[in-house]
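# Overview (structure and organization)
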Amino acid sequence: MAIRSLIINPGSTSTKIGIFEDETLVMDETLRHTTEEIGQFDSIIAQKDFRKNIILSFLKSKNIDVKSFDVIVGRGGLVRPIPGGTYAVNDDLVHDLTIGYGGQHASNLGGILAREIADSIGVPSFIVDPVCTDEMADVARYSGTKLIKRTCIFHALNQKAEARRYAKEHGKKYEDLNLIVVHMGGGVSVGAHDHGRVVEVGNALEGDGPMSPERAGAVPAGPLIRLAYSGKYTEKELYHEIVGGGGFNSYLGTNDMREVSKMADEEGNEEAKMVREVFIYKIAKQIGAMAAVLDGKVDQIILTGGIAYGKNITDAISKKVSFIAPITVYPGEDELLALAQGALRVMKGEEEAKTYKIPDDER
């Protein structure tokens, strides 16, 4: 009998849900929340009951019995750095999601909502490959100064899902392969997957790796420091120049690659042509760096994310890096399916659920 799962993926102004039977999507829906609705709450965690009631009301409106689910899965939030995998939602995990251990983000509600709904019907609850997934090698953590330790925040859910997809399609195990996976969306992350572990990847949020539509990526430290002390920017304003207002936004005032290509190809905008070329150049350069991390032993390069729908972009990147390894393109990302698959592997005994634990000295 197929395992029936309810998937919950909270975003800043919406809650996406999916219903799966094994890996087959039965129904998905984006439950949107107005600015006024969200604005009545003074914190992310305060939205919990509001979002829970909306989910349960939607299920009731579709005559779906919540007791029909075998497992509830939530998007993993900003918790402690942990190895990738599927984690049972326990008290320690709920605690860190509630306090926003790694920061306040709507995804923190995913595990909490999954646990409450699952407990009410007596089934397991999980999160899968959260953005704080950290499997970096020790050598990768050194920044060059004792004052700063390199950390990673990246598109772990999609990167690992597409890596496993490639392995499955080719009759291999993810843990037996060396892969370079490139996620290209509003943010960009390039990961070196060494036999099932992402041993090197940047902080795709706070200024590491390639430029993206909304983020500057790595920028020269000296000029950035001088800008910080120039008196021209507040901390918040300068941070926005790196995260949110960086990348395409900084140069062209748009975060849409389709718009950039229109400006470049239809309008002959030379700046747009250059920005697109820089995007391709920086990603290709980072892929080369990941190949060095893997000692040149790369089985496949995988290009994924929304921008991977642009064949002109994937072809241009492929032209630069195909000498390293063959290239597979998996456009888009399917977070709901990836979450369902993570739970399914545990429910079917293909892997064990991992345990999230707060260190004893912090209790």
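Figured I'd write up the structure that's included with this text. Because the structure is predicted, anything quoted here is derived from the model rather than measured.

### Here we look at the overall build of the chain
- Regarding its fold elements, the chain presents 12 helices and 11 strands.
- In summary, the chain has a C-alpha radius of gyration of 21 Å against a globular reference of 21 Å for 363 residues, a match within 12%.
- With respect to the three principal axes, the spread of C-alpha positions in the chain is 55 × 50 × 50 Å.
- For the chain, the residues scored as buried account for 50% of the 363 residues in total.
- If you average the places of the 42 positive and of the 52 negative side-chain charges in the chain, the two averages end up 2 Å apart.

### Looking at the side chain of Lys160
- Among the secondary structure elements, Lys160 is positioned in helix H5 (residues 156-169).
- What makes Lys160 buried here is its relative accessible area of 1%.
- With near-sequence residues (within four places) excluded, Lys160 lies in contact with Gly84, Asp129, Thr133, Glu135, Tyr174, His193, Gly196 and Val198.

### Regarding the sheet that holds strand E5 (residues 86-88)
- With mixed pairing, the six strands of this open sheet are ordered in space as E3-E2-E1-E4-E6-E5. The open sheet has two edge strands with one neighbour each: strand E3 (24-32) and E5. Strand-to-strand, the axes of this sheet are offset by a mean angle of 25 degrees, without reference to chain direction.
- Inspection of the sheet shows strand E4 (residues 71-75) paired to strand E6 (residues 125-128) by four bridges, in the parallel sense. In the sheet register, Gly74 faces E6, and the bridge partner there is Ile127.
- Against the sheet, helix H4 (residues 108-121) makes contact with strand E1 (4-10), E4 and E6, and its axis sits at roughly 165 degrees relative to E4, the strand it touches most.

### Re unusual backbone geometry
- With a phi angle near 50 degrees, His195 is a residue other than glycine that sits in the positive phi range.
- With respect to the secondary-structure elements, His195 resides in the loop between strand E8 (188-194) and strand E9 (197-200).

### Things to note about the packing of H5 against helix H12 (residues 335-347)
- Running from N to C, H5 and H12 cross one another at 65 degrees; their axes reach a closest spacing of 10 Å. By the criterion of interaxial angle, the relationship of H5 to H12 is roughly perpendicular. Of the two elements, H5 crosses H12, and the hand of that crossing is left-handed. Here H5 contributes Leu157, Ala161 and Arg164 to the contact with H12, which in turn contributes Glu335, Ala338, Leu339 and Arg345.
- Tallied by class, the residues present in the contact of H5 with H12 amount to four nonpolar, no polar and three charged.

### Brief notes about the nonpolar core
- Judged by nonpolar contacts, the single largest core of 34 residues is most densely connected at Ile180, Met184, Phe279, Ile287, Ile301 and Ile317.
- At the level of secondary structure, the elements contributing two or more residues to this core comprise strand E7 (178-184), E8, helix H8 (248-252), helix H9 (257-265), helix H10 (270-293), strand E10 (300-305) and helix H11 (311-321).
- Top element by residues in this core is H10. It accounts for nine residues.
- In contact with Ile301, not counting residues within four places along its chain, are Ile180, Ile287, Val321, Ile324, Ala325, Pro326, Ile327 and Thr328.
- Leu31, Leu109, Leu113 and Ala118 belong to the second-largest nonpolar core, a separate cluster that totals 20 residues.

### Brief notes about the sheet that holds E9
- Read from one edge to the other, the open sheet built from five strands follows the order E9-E8-E7-E10-E11, with strand pairing classed as mixed. What marks the edges here is a single partner per strand, and that holds for E9 and strand E11 (327-331). The sheet shows a mean angle of 30 degrees between the axes of neighbouring strands, direction not considered.
- Lying over the sheet, H5 contacts E7, E8, E9, E10 and E11, oriented at roughly 130 degrees with respect to E10.
- Sheet strands touched by H10: E7, E8, E9 and E10. Its angle to E8, the strand with the most contacts, is close to 20 degrees.

### Remarks on the packing of helix H3 (residues 91-99) against H4
- Where H3 contacts H4, the axes come no closer than 9 Å and their chain directions differ by 140 degrees. One way to sum up the angle between H3 and H4 is to call them oblique. Considering the relative orientation of H3 and H4, their crossing is left-handed. Residues Asp91, Val94, Leu97 and Thr98 of H3 touch H4, and the partners they reach there are Asn108, Gly111, Ile112 and Arg115.

Reading guide: rules and limits
- Residues numbered from 1 in each chain as written.
- Predicted model: local features only at pLDDT ≥ 70, side-chain atom pairs only at ≥ 80, totals over all residues.
- Heavy atoms only, no water.
- Helix = DSSP H or I, 4+ residues; strand = E, 2+ residues; numbered from the N terminus.
- Rg over C-alpha atoms; globule rule 2.2 N^0.38 Å.
- Buried < 20%, exposed > 50% of the residue type's maximum accessible area, 1.4 Å probe, protein only.
- Lys, Arg positive; Asp, Glu negative; His and termini not counted.
- Charge placed at Lys NZ, Arg CZ, Asp CG, Glu CD.
- Contact = heavy atoms within 4.5 Å.
- Pairing = 2+ DSSP bridges.
- Axes fitted to C-alpha atoms, helices over the stretch in contact; angles between N-to-C directions.
- Parallel < 35°, antiparallel > 145°, perpendicular 65-115°, else oblique.
- Left-handed = near helix turned anticlockwise from the far one by under 90°.
- Nonpolar A, V, L, I, M, F, W, Y, C, P; charged D, E, K, R; others polar.
- Core = buried A, V, L, I, M, F, W, Y, C linked by side-chain atoms within 4.5 Å.

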